[in-house]
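Spelled out, the chains give:
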Amino acid sequence: MKVRARNVYKVFGDEPDHALKMARAGKAKTDILATTGCSIGVDDASFEIHSGEIFVIMGLSGSGKSTLLRLLNRLIEPTSGSIEIEGQDITRMSRRDLIEVRRREMSMVFQSFALLPNRNVLDNVAFGLEVSGMPEAQRKDKAMAALEAVGLKPYAQSRPDELSGGMKQRVGLARALAGEPGVLLMDEAFSALDPLIRTEMQDELMRLQAESSRTVVFVSHDLDEAMRIGDRICIMQHGRIVQIGTPDEIVSKPANDYVRSFFRNVDVSQVFKARDIARKGRLTIIERQGVSAASALRQMERSSLDFAVLVGRDGRYHGMIGQDLLVEKLRANAPDPYREAFLRESDPIPASEPLSNILGRVAESRWPLPVVEEDGRYIGSISKSSLLETLDRAG
């Protein structure tokens, strides 16, 4: 586990102890504010962030998402609770140890580019390494490698005012990457960009993640952005975490009306994957010694099914058998009735395939379509009815 938070509170105001006691007793934020004059920024947050995942925190304005992000590196001091980075509780660290963890383990990318106008791109990227005392040659090598990673190596000697908005944000991202952090904190990093450039930066982040996986905590108020880049999404309301889950988990099983309202207009065909709606109700016949085609036919007849899925002992998909075709091949004494009875156009669908890519195939097929994992294991089939049920339930 890369990051772990336990019962974290942040109280803003002059009577934090009194406000904290009320919060722990379950009092509403409005009551606490009226009684103590204190505002609860984060209310009893507990969660874990896995190594290598993009963890998106989202919510309405004032929900506490940016406050929670800044608690993770103690830019804002927590009032209570523990925050562990690689097993080290940063809430108990001295200032010197905390600075060392920030230099070694964490970097942050803000919404504003915050580039130094009197420095060129290379020196902007190397600035944090310079402050940490890294020798000039080493820090420039690392800065150049980070610029190359974000596609800006040719602009190393340019000034910030010579760059577009998207390029400036790439410089900010390169500066964060130059220290090779294990945790990258991003506070609405792309929200100031035009929609097209924003999409390009999202693609860039995912490309970098694929090349060199790191743990990313990303604050966003944009639902499409969260759904596009997030491995898991954390929804906040009034300082509290109300749900954490994968995009498809949250869309299909929202915790409350607040979460449901976020995803009301989401195109679920872009969220669900084939594995999410595959069903195992179809008859599965395991191909092995002693199971003849005639035996398989009897199983199909007993089940009153027109089709059956043939798999090996290892669970790998072999094909989909049509009952009428199997009868025909058996009567013709075909040498391999199983395979000769395979239905055409029953090529398996990869489990990771987005629903949007298979809607047409499912709609046009006369039979359910099989779904397989990367290793060829059969996990279920998608029929027209299961597809419609999913779309209806989610929408």
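Use the structure listed above.
Since the structure is predicted, the reported quantities are computational estimates derived from the model, not experimental observations.

Conventions we followed
- Residues numbered from 1 in each chain as written.
- Predicted model: local features only at pLDDT ≥ 70, side-chain atom pairs only at ≥ 80, totals over all residues.
- Heavy atoms only, no water.
- Helix = DSSP H or I, 4+ residues; strand = E, 2+ residues; numbered from the N terminus.
- Rg over C-alpha atoms; globule rule 2.2 N^0.38 Å.
- Buried < 20%, exposed > 50% of the residue type's maximum accessible area, 1.4 Å probe, protein only.
- Contact = heavy atoms within 4.5 Å.
- Lys, Arg positive; Asp, Glu negative; His and termini not counted.
- Charge placed at Lys NZ, Arg CZ, Asp CG, Glu CD.
- Pairing = 2+ DSSP bridges.
- Arc of directions from axis to C-beta.
- Axes fitted to C-alpha atoms, helices over the stretch in contact; angles between N-to-C directions.

Enquirer: Pulling in residues and values, what's your account of the overall build of the protein?
Expert: Secondary structure assignment for the protein yields 17 helices and 16 strands. In terms of C-alpha radius of gyration, the protein reaches 27 Å, well past the compact-globule figure of 21 Å for 395 residues. Its C-alpha atoms put the protein at 85 × 55 × 35 Å along the principal axes. Within the protein, the proportion of its 395 residues that are buried is 49%. Long-range contacts, defined here as pairs at least 24 residues apart, represent 63% of the contacts in the protein between residues at least 6 apart. Here the protein contributes 54 positive and 56 negative side-chain charges, whose respective centroids are spaced 3 Å apart.

Enquirer: Before we move on, could you go through the pairing of strand E6 (residues 106-109) and cite the residues and values that matter?
Expert: Side chains Met106 and Met108 of E6 all project onto a buried face; the interleaved residues Ser107 and Val109 project onto the opposite face, where all are buried too. Summarising the sheet, E6 and strand E7 (residues 183-187) pair through four bridges and their orientation is parallel. Bridge pairing in E7 places Val109 opposite Met186.

Enquirer: Explain helix H1 (residues 16-24) to me, using residue names and the numbers behind them.
Expert: Restricting attention to buried positions, one finds in H1 the residues Ala19, Leu20, Met22 and Ala23. Seen end-on, H1 carries its buried residues on one side only, within an arc spanning 160°. Exposed positions of H1 whose direction lies more than 90 degrees from the buried face are Asp17, Lys21 and Arg24. Lining the buried residues of H1 we find strand E1 (3-12), helix H2 (29-36), strand E2 (39-49) and strand E4 (80-85). At the C-terminal side of H1, Gly26 shows a positive phi close to 90°.

Enquirer: How would you summarise the sheet that holds E6 if you had to cite specific residues and measurements?
Expert: Taken in spatial order, the six strands line up as E6-E7-E8-E3-E9-E10 in an open sheet, and their pairing is mixed. At either end of the open sheet lies a strand with only one pairing partner, and these are E6 and strand E10 (240-245). Sheet twist, expressed as the average angle between the axes of neighbouring strands with direction ignored, equals 20°. Pairing of E7 with strand E8 (residues 215-220), which is carried by five bridges, proceeds in the parallel orientation. Bridging from a neighbouring strand, Asp187 pairs with Val219 of E8. Packing of helix H7 (residues 165-178) onto the sheet brings it into contact with E6 and E7, and relative to E6 it is tilted by some 170°.

Enquirer: Provide a residue-level description of the sheet that holds strand E13 (residues 317-322), including the pertinent values.
Expert: Strand order across the open sheet formed by three strands is E11-E12-E13, with mixed pairing between neighbours. Either end of the sheet is taken by a strand with one partner, and the two such strands are strand E11 (284-286) and E13. Direction aside, neighbouring strands of the sheet carry axes that sit 30° apart on average. Bridging between strand E12 (residues 307-311) and E13 involves five bridges; their strand directions are antiparallel. Across the sheet, residue Ala308 finds its bridge partner in E13, namely Ile321.

Without other data, these values stay purely geometric and don't point to any function.
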